[in-house]
Amino acid sequence: MGVIVIGGGHNGLVAAAALARGGQAVTLLEGRDCFGGVASGLLHDTDSFSPEIAAELDLASRGLEFQEPAPVFLPSREGSGLLLHRDPRRAAKELGEDAEAYTAWRGFLERVRPFAASQLNQLAPDIRTSAPLLPLLRRGLALRRLSKQDIHELLRIGPACVYDTLSERFQNPLLVTALSARALSGTWMGPRSPSSTATLLLGEAQSGQEVVGGAPALVAALVAACESAGVVLRTCARVQRIQVNQGRAEGVTLEGGEFLSADRVLSCVGPRRTLLELVEPDSLPIREAGQMANLRLRGTLARVCLELSGPMVYACRPDLQVTRALIAEDPLDLERAFDSVKHRRMPSELPLDIRQDARGATVLIRCATMELKGGWTAARRGELGELTLASLEPFVPTIRSIARVTGVLTPADIASRFDLEGGHEMHGEISLDQLGPMRPSLTLSRHTTPIGGLYLGSSGTHPGGAISGRPGWLAAGVLGRS
Ligand SMILES: Cc1cc2nc3c(=O)[nH]c(=O)nc-3n(C[C@H](O)[C@H](O)[C@H](O)COP(=O)(O)OP(=O)(O)OC[C@H]3O[C@@H](n4cnc5c(N)ncnc54)[C@H](O)[C@@H]3O)c2cc1C
């Protein structure tokens, strides 16, 4: 009868391809009319995708190529802004007095990366054993490859806020802002939130080269890998119910009533939705039901599309051709934006994450709360478009004459269009208590569930969000062995 994979986001595609290449009969069911999930039209960065998984699935033969990510430009009202390359040698000229500290920081990240990557590339430690600290200690031993000095530094900064960690190293607030922004992706944090350095280290450990052609190219390669491995791919096939009989999954029923049987079901939609909505309530033990009810997934993302009739010229650097830009001059701008999230308000100024090409620009706003007081009405949607232009205007004075807002997706729109519970892009916030052996919860972190034959593999499971492919890959490994 084979395996049913629910959800054709990038994790579902990775899992389906891996299982089929391992000899399983796999059917992949996607509710929308296209594959890719969030990766099918919203993303800016693909530099988290695991090169190991790309190699294992032989995605190069499906046309996948990697390249160095584009530098990010941070314009400023005074001065000439900052064009930040990840590579310290390329960044040095722009960074001036911060160049040496930046080289040292990148060096530290590179030394820590193998330890962090080893945690991301394997199952979360099983701490449900009789001696729960042992698995953690065993993992901790991997730290021994670091020098004593690096271990001390890791222990010192890990629990700290990213604002403190970066401000003690760098003078230029634009640099601190650029690096802080990476720490906040998928979190419910500002740069002054404790433990935001840990999420920065996690993000940095995942980042590498980006996919040529962006998320669409990655999705196309994954679909091709599924096809060549013999996966039965179905779109417009929305699962309404995972059928459970005597504590074991035995298939799914689609909207419309079609029943498909399977020995095993791997859900690559969010863990909470899987267990609280797709499974009959009385099939799930009360402990896991409680854990899922408490999972935090408060979305903060919105997107604005701009059509451009001419190039976006940044007043502080009119000659610069920019692909990626971050509009925020100081880390405290990010903190103030997060204050608005906390208080369920619209910020008065928006930090903006911009990707630009010849046709236009897409702007991600990472401080638009799903829980906005009064809700996301049409008027508030219009306000978001207007605020985007107003926030850009001090840096691109001609913006109103060259740009037209062609689309605004509020967090509520993203939630409904991409089927994201809570509007949260990673099916669960990134925070220390929702990572590793706690993602999505203590008893669900190793991709199995209390329901026999039902597994979890979306970004809501270990090792978490971003377009890495790792949760789907690890879940497929568990299924392959079961
Ligand atoms: C606006 C935005 C920007 C982002 N930017 C970046 C970025 O730049 N870089 C980055 O690395 N990450 C980014 N992310 C996060 C990243 O995209 C996600 O973490 C990741 O794509 C989630 O992948 P997934 O496969 O786990 O889930 P999803 O992509 O959510 O896929 C789940 C799939 O399941 C389908 N589905 C849901 N319910 C059912 C059902 N009942 N039956 C059948 N199918 C169903 C959905 O339609 C969807 O296709 C961004 C997210 C958002 C929202």
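This one's a predicted model, so the numbers in the text were calculated from it and none came from an experiment.

1. Considering the domain arrangement of the protein
Next up, step 1: If you check the domain split of the protein, you get domain 1 (3–66 + 211–295 + 428–481), domain 2 (99–207) and domain 3 (302–417).
Next up, step 2: Each of domain 1 and domain 2 has a C-alpha centre, and these two points are 27 Å apart.
Next up, step 3: With 24 residues of domain 1 at the interface, the matching set in domain 2 holds 22 residues.
Next up, step 4: Contact between domain 1 and domain 2 buries roughly 2,000 Å² in total, counting both sides, with carbon and sulfur atoms accounting for 58%.
Next up, step 5: Looking only at domain 1, the three residues that lose the most surface to domain 2 are Ile430, Arg446 and Arg470, adding up to 31% of its buried area.
Next up, step 6: Measuring nitrogen to oxygen at the nearest pair gives 3.1 Å for the salt bridge that ties arginine 182 to aspartate 47.

2. Quick notes on the pairing of strand β9 (residues 248–254)
Next up, step 1: Summarising burial for β9: 5 of the 7 residues are buried, a large majority.
Next up, step 2: Looking at chain direction, strand β8 (residues 239–245) and β9 are connected through 6 bridges and run antiparallel. When the bridges of β9 are listed, asparagine 245 appears paired with arginine 248.
Next up, step 3: Hairpin geometry of β8 and β9 is characterised by an intervening segment of 2 residues between the two adjacent antiparallel strands and by a positive phi of about 50 degrees at glutamine 246.
Next up, step 4: The pairing of β9 with strand β10 (residues 259–261) spans 3 bridges and is classified as antiparallel. Opposite valine 252, over in β10, you have leucine 260 as the bridge partner.
Next up, step 5: The hairpin turn running from β9 into β10, its antiparallel successor, is 4 residues long, and glycine 256 in that turn takes a positive phi close to 105 degrees.

3. Side note on helix α12 (residues 286–293)
Next up, step 1: Taken as a whole, α12 has its buried residues at Glu288, Gln291 and Met292. All buried residues of α12 lie within an arc of 95 degrees about the axis, which places them on one face of the element.
Next up, step 2: Tucked inside the fold, the buried residues of α12 contact α11 (271–278).

4. Notes on the sheet that holds strand β12 (residues 302–308)
Next up, step 1: Spatially, β5-β4-β13-β14-β15-β12-β16 is the arrangement adopted by the 7 strands of the open sheet, whose pairing is mixed. Each edge of the sheet is formed by a strand with only one pairing partner; in this case those strands are β5 (82–84) and β16 (403–409). Averaged over neighbouring strand pairs, the angle between their axes works out to 25 degrees when direction is ignored.
Next up, step 2: When strand β4 (residues 72–74) meets β5, the two strands line up antiparallel, connected through 3 bridges. Of the residues in β5, the one forming a bridge with valine 72 is leucine 84.
Next up, step 3: The strands touched by helix α14 (residues 378–392) are β12, β13 (324–327), β14 (352–356), β15 (360–365) and β16; relative to β16, the strand with the most contacts, the crossing angle is about 135 degrees.

5. What about the site of the ligand?
Next up, step 1: In the neighbourhood of the ligand, 34 residues make up the surrounding shell, with Asn11, Glu30, Val38, Asp45 and Ile467 lying closest.
Next up, step 2: At 2.7 Å, a backbone N or O of aspartate 45 approaches an oxygen atom of the ligand.
Next up, step 3: Glutamate 425 is positioned such that a nitrogen or oxygen atom in its backbone is 3.1 Å from an oxygen atom of the ligand.
Next up, step 4: Bound to the protein, the ligand loses 98% of the 1,000 Å² it would expose on its own.
Next up, step 5: Its residues assigned to classes, the shell around the ligand comprises 15 nonpolar, 13 polar and 6 charged.

6. Side note on the sheet that holds β10
Next up, step 1: The antiparallel open sheet is built from 3 strands, whose spatial order is β8-β9-β10. Of all strands in the sheet, those bounded by a partner on one side alone are β8 and β10. Across the sheet, the axes of successive neighbouring strands diverge by a mean angle of 30 degrees, strand direction being ignored.

7. So, the layout of surface pockets
Next up, step 1: Its volume calculated, the second largest pocket comes out at about 940 Å³.
Next up, step 2: Lining the second largest pocket are 26 residues; nearest its centre among them are Phe115, Gln119, Ala198, Leu202 and Leu432.
Next up, step 3: Mapped onto the lining of the second largest pocket, the elements with two or more residues apiece are α4 (99–120), α5 (133–141), α6 (148–157) and α9 (196–206).
Next up, step 4: Counting residues domain by domain, the lining of the second largest pocket receives three or more from each of domain 1 (3–66 + 211–295 + 428–481) and domain 2 (99–207).

8. Some points on the environment of leucine 29
Next up, step 1: Among the structural elements, leucine 29 can be located in strand β2 (residues 26–29).
Next up, step 2: The residues contacting leucine 29, other than those within four sequence positions of it, are Ile4, Val5, Ile6, Gly7, Gly8, Arg234, Ala237, Val239, Val252, Leu254 and Leu260.

9. Some words on the pairing of β15
In summary, the side chains of a regular strand alternate between the two faces of the sheet.
Next up, step 1: Most of β15 sits out of view: 5 of its 6 residues are buried.
Next up, step 2: Here 6 bridges tie β12 to β15, and the two strands are oriented antiparallel to one another. Residue pairing for β15: arginine 303 is matched across the bridge by leucine 364.
Next up, step 3: Here β14 pairs with β15 via 4 bridges, running antiparallel. Of the residues in β15, the one forming a bridge with isoleucine 354 is valine 363.
Next up, step 4: Count of turn residues in the β14/β15 antiparallel hairpin: 3 residues.

Rules behind the numbers
Residue indices follow the written sequence of each chain, beginning from 1 at its first position. Owing to the predicted nature of the model, reporting of local features is limited to residues with pLDDT of at least 70; listing and counting of side-chain atom pairs is limited to 80 or more, with chain, interface and lining totals taken over all residues. Processing note: side-chain calculations cover all non-hydrogen atoms of the structure and skip hydrogens and water entirely. Note that the domain bounds were set by an automatic or database domain assignment. In what follows, residue pairs with any heavy atoms lying within 4.5 Å of each other are defined as contacts. Buried area counts how much accessible surface, traced with a 1.4 Å probe, disappears from two parts once they are put together, with both parts' losses summed. A side-chain nitrogen of Lys or Arg and a carboxyl oxygen of Asp or Glu constitute a salt bridge if their distance falls within 4 Å. The cut-offs for exposure are 20% and 50% of the maximum accessible area for each residue type, with area from a 1.4 Å probe on protein chains only; residues under the lower value are buried, those over the upper are exposed, and the others partly exposed. Only runs of H or I of at least four residues qualify as helices and only runs of E of at least two qualify as strands under DSSP, and these elements are numbered from the N terminus. Whether two strands pair comes down to DSSP finding at least two bridges between them. This arc is taken over the directions from the axis of the helix to the C-beta atoms. Only the contacting stretch of a helix is used when fitting its axis, a line to C-alpha atoms as for every element, and angles between N-to-C directions run 0 to 180 degrees. Any residue with a non-hydrogen atom lying within 4 Å of a molecule or strand is treated as near it. Residues adjacent in sequence count toward polar contacts only when both atoms are side-chain atoms; beyond that, a polar contact is any pair of N or O atoms within 3.5 Å, and within protein one must be able to donate a hydrogen and the other to accept it. Areas reported as accessible are Shrake-Rupley estimates using a 1.4 Å probe. Residue values count occlusion only from the protein chains shown. Polarity classes work like this: nonpolar for Ala, Val, Leu, Ile, Met, Phe, Trp, Tyr, Cys and Pro, charged for Asp, Glu, Lys and Arg, and polar for all others, with Gly in that last group. Lining residues are those with an atom within 4 Å of a point, where the points come from a 1 Å grid over the protein atoms alone and group into cavities, where a 1.4 Å probe fits but cannot get out, or pockets, open sets with protein on both sides within 12 Å along at least five of seven lines. Grid points are joined across faces, edges and corners, and a volume is the space filled by probe spheres set on the points.

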